[in-house]
Amino acid sequence: MSINNVTINAPATESAHGPAPRRYVRKTQMRIVLHQLSKNKGAMVGLFIILAIVLVAIFADVLFDYDRDVVGIHISQKLLRPSWAHPFGTDDLGRDIFIRVLYGSRYSVSVGVVATIIGLGIGVVLGAIAGYYCGLAEDIIMRFNDILSAVPSILMGIVIVSAMGATTFNLMLAIGITSVPQFVRITRASVLTVRNQEYIEALHAAGISEARIIAFHVLPNCLSPIIVQATLRIASAIIAASSLSFLGLGVPAPAPEWGSMLSLGRQYVRTASYLTIFPGLAILVTVLAFNLLGDGLRDAIDPKLKK
Amino acid sequence: MEKNVSNTILEVKDLKKHFKTSRGMLHAVDGVSFSIEYGKTLGIVGESGCGKTTLGRTILRLVEPTSGGIMLEGRDITKLNLRDMKKVRKDIQIIFQDPFSSLDPRNTISQALTEVVKVNKIRSGKQEIKDRVLQLMETVGLAERLINTYPHELDGGRRQRIGIARALAMEPKFIVCDEPVSALDVSIQAQILNLLQELQETLGLSYIFITHDLAVVNHFADVIAVMYLGQIVEKAPTEELFAHPLHPYTQALLSAIPIPEILVERPRILLRGEITSPINPKDECRFGNRCFHDCKECRGSNPVLREVSPDHFVACCKV
Ligand SMILES: Nc1ncnc2c1ncn2[C@@H]1O[C@H](COP(=O)(O)OP(=O)(O)OP(=O)(O)O)[C@@H](O)[C@H]1O
Ligand SMILES: [Mg+2]
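All of these numbers come straight from a predicted model, not from anything done at the bench.

## Section: the overall build of chain B
Okay, so step 1: If you tally the helices and strands in chain B, you get 10 helices and 12 strands.
Okay, so step 2: For a compact globule of 319 residues, the expected C-alpha radius of gyration is about 20 Å, and chain B comes in at 21 Å, within 12% of that figure.
Okay, so step 3: Across its three principal directions, the C-alpha atoms of chain B cover 70 × 50 × 45 Å.
Okay, so step 4: In chain B, which comprises 319 residues, the proportion classed as buried is 56%.
Okay, so step 5: For chain B, the computed accessible surface area is about 14,400 Å², with 51% contributed by carbon and sulfur atoms.
Okay, so step 6: Within chain B, one finds 41 positive and 40 negative side-chain charges whose respective centroids are separated by 7 Å.

## Considerations on the sheet that holds strand E7 (residues 174–178) of chain B
Residues and elements named next belong to chain B.
Okay, so step 1: Pairing is mixed in the open sheet, where 8 strands are placed in the order E6-E7-E8-E3-E9-E10-E12-E11. At either margin of the open sheet sits one strand with a lone partner, and together these are strand E6 (92–95) and strand E11 (306–309). This sheet shows a mean twist of 25 degrees between the axes of neighbouring strands, independent of strand direction.
Okay, so step 2: Bridge count for strand E3 (residues 41–45) against strand E9 (residues 223–228) is 4 bridges, and the pairing is parallel. Counted as the bridge partner of Val-45 is Val-226 from E9.
Okay, so step 3: Across the sheet, helix H1 (residues 52–59) touches E3, E6, E7, strand E8 (206–211) and E9, and the angle it forms with E8 is around 155 degrees.
Okay, so step 4: On top of the sheet, helix H5 (residues 156–169) reaches E6 and E7; it is set at about 175 degrees to E6, its chief contact.

## Some details on the confidence of the model for chain A
Okay, so step 1: Chain-level pLDDT for chain A is 85 on average; 89% of the residues reach the 70-or-more range.
Okay, so step 2: Contacts from residues 1–26 of chain A, a stretch scored under 50 in pLDDT, to residues over four places away or in other chains number 61 contacts.

## Quick notes on the coordination of the magnesium ion (ligand 2)
Residues and elements named next belong to chain B.
Okay, so step 1: Around the magnesium ion (ligand 2), the protein contributes the donor atoms Thr-53 (OG1) and Gln-97 (OE1), which lie 1.8 to 2.6 Å from the metal centre. Here Thr-53 is found in helix H1, whereas its partner Gln-97 is found in the loop between E6 and helix H3 (109–119), with 44 residues between them in sequence.
Okay, so step 2: The partly exposed category is assigned to Gln-97, whose relative accessible area is 26%.

## Thoughts on the domain arrangement of chain B
Residues and elements named next belong to chain B.
Okay, so step 1: Looking at the assigned domains, one finds that chain B contains domain 1 (8–91 + 172–314) and domain 2 (103–171).
Okay, so step 2: If you average the C-alpha positions of domain 1 and of domain 2, the two centres end up 29 Å apart.
Okay, so step 3: Both sides together, the interface formed by domain 1 and domain 2 hides about 1,100 Å², and carbon and sulfur atoms give 72% of it.
Okay, so step 4: Among the residues of domain 1 in contact with domain 2, Lys-90, Pro-172 and Leu-195 are the three that bury the most area, contributing 42% of the side total.
Okay, so step 5: Taken together, the connections running from domain 1 to domain 2 amount to 0 salt bridges.
Okay, so step 6: Our count for the domain 1 to domain 2 interface comes out at 3 residue pairs in polar contact (both at pLDDT 80 or more).
Okay, so step 7: In terms of residues, the side of domain 1 that touches domain 2 owes the most to one element, helix H6 (residues 186–203), which gives 7 residues.
Okay, so step 8: In terms of residue class, the side of domain 1 that touches domain 2 is made up of 11 nonpolar, 1 polar and 3 charged.

## Observations regarding the pattern of salt bridges
Residues and elements named next belong to chain A.
Okay, so step 1: On inspection of all chains with the given rule, the structure shows 21 salt bridges over all chains.
Okay, so step 2: Close ionic contact of Asp-295 with Arg-298 constitutes a salt bridge, the shortest N to O distance being 2.9 Å. Of the two residues, Asp-295 and Arg-298 are both situated in helix H13 (residues 274–301); the distance of 3 residues between them amounts to about one turn of the helix.
Okay, so step 3: Relative accessible area serves as the criterion here: at 33%, Asp-295 is assigned to the partly exposed category.
Okay, so step 4: Since its relative accessible area comes to 34%, Arg-298 is described here as partly exposed.

## Concerning unusual backbone geometry
Okay, so step 1: With a phi close to 45 degrees, B:Asp14 is a non-glycine residue in the positive phi region.
Okay, so step 2: Looking at B:Asp14, the relative accessible area reads 40%, which means it is partly exposed.

## Re the sheet that holds strand E1 (residues 8–21) of chain B
The strands making up a sheet associate through backbone hydrogen bonding, with each pair oriented either parallel or antiparallel.
Residue and element names in this part refer to chain B.
Okay, so step 1: Taking strand neighbours across the sheet as the criterion, the 4 strands line up as E2-E1-E4-E5 in an open arrangement whose pairing is antiparallel. Taken across any chain shown, the strands that pair with only one partner, and hence form the sheet edges, are strand E2 (24–37) and strand E5 (75–76).
Okay, so step 2: In terms of strand pairing, E1 meets E2 through 11 bridges, oriented antiparallel. Residue Lys-16 lies in a different strand from E2, and its bridge partner there is Asp-30.
Okay, so step 3: With respect to the sheet, H1 is in contact with E1, E2 and strand E4 (67–72), its orientation differing from that of E1 by roughly 120 degrees.

## Remarks on a nonpolar patch on the surface
Okay, so step 1: Residues A:Leu55, A:Ile58, A:Phe59, A:Val62 and A:Leu63 make up a contiguous nonpolar surface patch of about 520 Å² in total accessible area.
Okay, so step 2: By secondary structure assignment, the location of A:Phe59 is in helix H2 (residues 41–63).

## Here we look at the site of ligand 1
All names here are of chain B.
Okay, so step 1: Surrounding ligand 1, one finds 13 residues, the nearest of these being Ser-48, Gly-49, Lys-52, Thr-53 and Thr-54.
Okay, so step 2: A distance of 2.5 Å separates an oxygen atom of ligand 1 from a polar side-chain atom of Thr-53.
Okay, so step 3: Here Gln-97 contributes a side-chain N or O atom positioned 3.1 Å from an oxygen atom of ligand 1.
Okay, so step 4: Look at ligand 1: alone it shows 640 Å² of surface, and the protein chains cover 63% of it.
Okay, so step 5: Those elements that provide at least two residues to the shell around ligand 1 are E2 and H1.
Okay, so step 6: Top element by residues in the shell around ligand 1 is H1. It accounts for 3 residues.

## Focus: the packing of aromatic side chains
Okay, so step 1: Following the criterion strictly, the structure yields 10 aromatic pairs over all chains and no others.
Okay, so step 2: Measuring from centroid to centroid gives 6.4 Å for A:Tyr103 and A:Tyr107, while their planes differ by 50 degrees, and the two rings are tilted. Placement of both A:Tyr103 and A:Tyr107 in helix H4 (residues 97–132) is noted, with a separation of 4 residues, approximately one turn of the helix.
Okay, so step 3: Its relative accessible area of 4% is what places A:Tyr103 among the buried residues.
Okay, so step 4: For A:Tyr107, a relative accessible area of 15% gives the class buried.
Okay, so step 5: The side chain of B:Lys235 reaches across the aromatic face of B:Phe313, ending 4.9 Å from its centre.

## Looking at the side chain of A:Thr90
Residues and elements named next belong to chain A.
Okay, so step 1: Positionally, Thr-90 belongs in the loop between helix H3 (66–70) and H4.
Okay, so step 2: Using a relative accessible area of 0% as the deciding quantity, one classes Thr-90 as buried.
Okay, so step 3: A polar atom in the side chain of Thr-90 sits 2.7 Å from the backbone oxygen of Gln-77.
Okay, so step 4: Discounting chain neighbours no more than four positions away, the residues touching Thr-90 are Gln-77, Lys-78, Leu-79, Leu-80, Arg-95, Asp-96, Ile-97, Tyr-274 and Leu-275.

The rules behind these values
- Residues numbered from 1 in each chain as written.
- Chains lettered and ligands numbered in written order.
- Predicted model: local features only at pLDDT ≥ 70, side-chain atom pairs only at ≥ 80, totals over all residues.
- Heavy atoms only, no water.
- Helix = DSSP H or I, 4+ residues; strand = E, 2+ residues; numbered from the N terminus.
- Rg over C-alpha atoms; globule rule 2.2 N^0.38 Å.
- Buried < 20%, exposed > 50% of the residue type's maximum accessible area, 1.4 Å probe, protein only.
- Areas by Shrake-Rupley, 256 points an atom, 1.4 Å probe, with all protein chains shown as cover.
- Lys, Arg positive; Asp, Glu negative; His and termini not counted.
- Charge placed at Lys NZ, Arg CZ, Asp CG, Glu CD.
- Pairing = 2+ DSSP bridges.
- Axes fitted to C-alpha atoms, helices over the stretch in contact; angles between N-to-C directions.
- Contact = heavy atoms within 4.5 Å.
- pLDDT = per-residue confidence, 0-100.
- Donors = N, O, S within 2.8 Å, 3.2 Å for Na, K, Ca; no water.
- Domains from an automatic or database assignment.
- Buried area = accessible area lost by both parts, 1.4 Å probe.
- Salt bridge = Lys/Arg side-chain N within 4 Å of Asp/Glu carboxyl O.
- Polar contact = N/O pair within 3.5 Å; in protein donor to acceptor, adjacent residues only side chain to side chain.
- Nonpolar A, V, L, I, M, F, W, Y, C, P; charged D, E, K, R; others polar.
- Patch = residues over 30% accessible without salt bridge, like charges linked within 9 Å, V, L, I, M, F, W, Y side chains within 5 Å.
- Near = heavy atom within 4 Å.
- Phe/Tyr/Trp six-rings, centres within 6.5 Å; stacked < 30°, edge-to-face > 60°.
- Lys NZ or Arg CZ within 6 Å of the ring centre and 35° of its normal.

Here it is as structure tokens:
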């Protein structure tokens, strides 16, 4: 007999017990997380700062004329102390530090985000494979991972940038690759726990393919720790980008990357300390904001972690 | 044994599943044989850890058998490659023990059922798939308004109904029910059991019904097999088993069922002794340590299952 068109008068399931239907609240879990997050003051401050920085980064070109305000040389105005006209002062070529710091958010944010996406993309795929298929694949990936994580990130940056040239993209690539091991590790750990859940076996029994199971059922259930990790990685990527630029291996001059601004201001650190203080503060505030948000997300996603 | 072979939907022959563990080979399923006819239910009863779930999963090849044969409608499915196995999976389905962990927490009822119908090409076309999902929900008694709810918003009974709907989505002939009610409270248990029974009648399904509670299969199973540490120790038609339990373990299980009459007093058989380890078991009766018979023969070799009266099989040297 066919299964079609068979209806069974099952006992009433619309009985009083059980929760009411919630058609509108679709992403319930997402809502809970956002609600938790909104109660965390630190995370909200972080989020606010990040939004401000991102807005400035996006509209930097509208606000300032790159050739005139950012890299244009005005010798007559060199090394001015902070004033109303130049809130952060000017550097040895007469460029306004305030404008350069604002414009520099562009490099930091884009390098941080793109490098993290590169690391996340590679790391999540490798981590998922290692966690889902134990055995040889796992061994190879994890050993490779151990080797990769033993290389200091600055060294990796120096190698890649000196081999391939000091461009912004190579900088992103170098930083992205150094963040791969952490994503591999964190993805593998959460895939391992999800993989042994009964619903994965149920999906196998229901004829769903391995690839589909990994992409649509295993990974979405591992997402929370990966998102937290990504937020925190953006912060370290920004520091790494500034460090490499400070060493002259990052975004090439005269672009106002915060690290290279620090490097330029170094020789005036006694006489015109504002050349180094303000780019340094910019790095500090941005990194702090991402770390605050990352910690807040972690607490919101896993309330058990909260003391 | 003269049996009409064409009546048999599933025949399991000397099925074994051994797991490698740090302390040796764990004989989770160790030489199980039985057959099931179309439209009938085989109840498998045994205590926790005796290998019931492993048996059910091995039959679907969710875990690969160590040895033995699984004949579905005369075809040995242990020899099929993965692609052919996928087609066979449509005929055999499973309902899981724990309705709380057997559903993806991120999928609504609609998403879960749509995926199964779509991926297996049971229906095609958006509207047809949607109709099929609604029809499945109606079949298992889930109200249409619940279509966009997540598992965590539902009680155990409704979740188990989703599990049943998911199994039915493939239009199977045969379903392994792995303790489908043991995680539910008693009133819900009865609802789910009724549903399964009605589905069997209307759809002509065959079941393996796994449970640790003999009372549950009493009215449900046509034949009951009692499992102990990976082996079947007694198998008989349900009435026969309840009327004449022969194996000491079966007798102990039956004595534990409360009788709903006040004056009837049945002596409770209490089992003493340690459970034999399923890891590298010796060739002796696995129940020997806990048995109230004290015999020497079964210390030397593990008694084999033999027919003592028509269709009544038992593995005990005292019978
Ligand atoms: N993947 C595995 N690896 C190693 N040992 C396993 C594995 N799966 C099951 N086992 C072992 O096999 C034995 C039988 O387990 P199984 O889950 O089949 O028992 P069960 O009869 O279903 O018990 P329950 O009533 O608790 O569900 C147990 O000793 C268990 O520890
Ligand atoms: Mg079980």
